[in-house]
Amino acid sequence: MPQPNPWFSSPADAATRLAEAGYLADPTTATTAYLAGALEKPLLVEGPAGVGKTELAKAVATVTGAELVRLQCYEGLDEARALYEWNYKKQLLRIQSSQGSDQAWSETHDDIFTDEFLLTRPLLTAIRREEPTVLLIDEVDKTDVEVEGLLLEVLSDFQVTIPELGTVAAVRRPFVVLTSNATRELSEAVKRRCLYLHLDYPDAEREREIVTSQVPDLEERVAVRLVETITRLRELELKKAPSIAESVDWARTLVALEIGELDDKAIADTLGVVLKHASDQTKAVKELRLRS
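Residues numbered from 1 in each chain as written. Predicted model: local features only at pLDDT ≥ 70, side-chain atom pairs only at ≥ 80, totals over all residues. Heavy atoms only, no water.

Going by what an unreviewed UniProt entry lists, the protein chain is known as AAA family ATPase and is assigned to Nocardioides hankookensis.

This is the structure we're talking about:
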């Protein structure tokens, strides 16, 4: 008997429930999130940093009551950190304790390569869970190309092969979200296995909706001015353009400081909330002609 779908019943249901978690999904995002659950296919979300790629996975986990398992990718990530490794110290202790006994080496070998000595990492953890699980493979473009090979078996068949134990297949397929900042091109083999969603910075109206939904105490005219300023900042050639999360942080800052008018002085005084490089702040002050 098929298990009930723990994700979404329709794109509209996805949009409504994600909004309840504070994630305002546009129609394309809501439809793709629904399909990822309905088709049980991994979802590759690509776009610049700070547009809500990671937050989408978190929101799906929140509204569905699923456990979020996160694999944070980085240069040098290997199988031992992504998939599994053996607890060598514990195995050594077991070998030492068996010395002098009548136990044959073959028996000892079989004994130490069991689940008791297995250290599961995010990929294997997500595969083995029987409860609803959201597997977030974050910033996959930061890994080496070789690491993508580790993902192919998981993304194709939702299973992992452990030479000493055999193949571990998922009892319940996780909802898989891969995020990429597009710093390098991912392999076609990975892309073929995924649904694809490109997220960019929202238009001014949607960003204002996001900010005011997260910070309802922010006055409307301040929200409009804030989004206008954020949009202008993103048009500059900065080291790090302000993210949506930083827009929300800025709104919270203005409320905390009881700033009712986002004039040049207020912008200059609080610019460090959204721009985290001195050179970016200097450029912004110059290009926006801010007066402190």
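So, next bit.
Quick look at helix H2 (residues 27–38)
Helical geometry note: an α-helix holds 3.6 residues per turn, so side chains three or four residues apart project in the same direction. To be explicit about the condition: Secondary structure elements are taken from DSSP: a helix is a run of H or I of four residues or more, a strand is a run of E of two residues or more, and numbering for both begins at the N terminus. Working rule for helices: expected span equals 1.5 Å times residues minus one. Relative accessibility thresholds used throughout: buried, under 20% of the residue-type maximum; exposed, over 50%; partly exposed, between the two (1.4 Å probe, protein chains only). The directions considered for the arc run from the helix axis to the C-beta atoms. Pairs of residues are marked as contacts when any of their non-hydrogen atoms sit within 4.5 Å.
Here H2 is 12 residues long and its end C-alpha atoms lie 16 Å apart, about the 16 Å a rise of 1.5 Å per residue gives. Among the residues of H2, Thr29, Ala30, Thr32, Ala33, Ala36 and Gly37 are the ones counted as buried. Around the axis of H2, the buried residues are gathered within 165° of arc, so they sit on the same side. Opposite the packed face of H2, turned more than 90 degrees from it, sit the exposed residues Pro27 and Thr28. The elements touched by buried residues of H2 are helix H1 (11–20), strand S1 (43–46), helix H3 (53–64), strand S8 (175–180) and strand S9 (195–198). Glu40 occupies a position one or two residues after H2 and carries a positive phi of about 55°.

Points about the pairing of strand S5 (residues 133–138)
Filter applied, for reference: For two strands to be treated as a pair, DSSP must find no fewer than two bridges joining them.
Among the six residues that make up S5, six are buried, leaving the element largely enclosed by the rest of the structure. Neither face of S5 is left uncovered, since the one carrying Thr133, Leu135 and Ile137 and the one carrying Val134, Leu136 and Asp138 both have all their residues buried. When S5 meets S8, the two strands line up parallel, connected through four bridges. Along S8, the bridge assignment pairs Leu136 with Val177.

A look at the pairing of S8
Where burial is concerned, most of S8 is hidden: six out of the six residues are buried. Neither face of S8 is exposed, since Phe175, Val177 and Thr179 on one face and Val176, Leu178 and Ser180 on the opposite face are all buried. Looking at chain direction, S1 and S8 are connected through four bridges and run parallel. By the bridge assignment for S8, Leu43 is matched with Val177.

Some thoughts on the nonpolar core
Burial of nonpolar side chains together is a common tendency in soluble globular proteins. Applicable threshold: For the purposes of this section, nonpolar cores are sets of buried Ala, Val, Leu, Ile, Met, Phe, Trp, Tyr and Cys residues that join through side-chain atoms within 4.5 Å.
Counting 33 residues, the largest nonpolar core has Leu123, Ile137 and Leu178 as the members making the most contacts within it. Mapped onto this core, the elements with two or more residues apiece are strand S2 (67–72), strand S3 (84–86), helix H7 (122–128), S5, helix H8 (145–157), strand S6 (159–162) and S8. If you tally residues by element for this core, the top one is H8, at five residues. Ignoring any residue separated from it by four or fewer positions in sequence, one finds Leu123 in contact with Leu71, Ala82, Leu83, Leu135, Ile137 and Leu151. Residues Phe8, Ala30, Ala36 and Leu199 belong to the second largest nonpolar core, which totals 26 residues.

Description of the environment of Leu271
Mapped onto the elements, Leu271 comes out in the loop between helix H13 (264–270) and helix H14 (278–287). On a C-alpha basis, the gap between Leu271 and Ala36 in space is 38 Å, while along the polypeptide they are 235 residues apart. Not counting residues within four places of it along the chain, the set of residues in contact with Leu271 comprises Leu233, Gln281, Ala284, Val285 and Leu290.

Things to note about the pattern of salt bridges
Note the following rule: We define a salt bridge as a side-chain nitrogen of Lys or Arg found within 4 Å of a carboxyl oxygen belonging to Asp or Glu.
Within this structure, the stated rule accounts for 19 salt bridges. The partner of Lys142 in a salt bridge is Glu139, with the nearest N and O atoms 3.3 Å apart. A salt bridge links Asp264 to Arg225, with the shortest nitrogen-to-oxygen separation between them at 3.6 Å. Of the two residues, Asp264 sits in helix H13 while Arg225 sits in helix H11 (residues 220–235), which places them 39 residues apart along the sequence. Among the charged side chains, a salt-bridge network with shared partners connects Arg81, Glu85 and Arg121.

A word on the sheet that holds S8
So the rule is basically this: Axis angles are defined between N-to-C directions and span 0 to 180 degrees, where every axis is a line fitted to C-alpha atoms and, for a helix, only to the segment in contact.
Spatial ordering of the open sheet is given by S2-S5-S8-S1-S9, a layout of five strands whose pairing is parallel. Across the chains shown, the open sheet's two edge strands, defined by having one partner strand only, are S2 and S9. The mean inter-strand angle of the sheet, taken between neighbouring strand axes irrespective of direction, is 20°. Against the sheet, H2 makes contact with S1, S8 and S9, and its axis sits at roughly 160° relative to S9, the strand it touches most. Across the sheet, H3 touches S1, S2, S5, S8 and S9, and the angle it forms with S5 is around 170°.

With respect to H3
In this model, H3 (12 residues) spans 17 Å end to end at C-alpha, consistent with the 16 Å of a helix rising 1.5 Å per residue. In terms of burial, H3 is a largely internal element, nine of the 12 residues being buried. For H3, the set of buried residues is Lys53, Thr54, Leu56, Ala57, Ala59, Val60, Ala61, Val63 and Thr64. Phi turns positive, to about 70°, at Gly65, one or two residues after H3.

What about the side chain of Asp280?
Worth spelling out the cut-off: When charges are counted, neither His nor the chain ends are considered; positive counts come from Lys and Arg and negative counts from Asp and Glu. N or O atoms within 3.5 Å of each other form a polar contact, as long as, within protein, one can give a hydrogen and the other can take it, and as long as residues adjacent in sequence are counted only when both atoms are side-chain atoms.
Relative to the helices and strands, Asp280 is located in helix H14. The charged side chain of Asp280 is buried without a salt bridge, its nearest counter-charge being Lys283 at 6.0 Å. A polar side-chain atom of Asp280 sits 2.9 Å from the main-chain amide nitrogen of Lys239. Aside from chain neighbours lying at most four places away, what touches Asp280 is Leu238, Lys239, Lys240 and Leu275.

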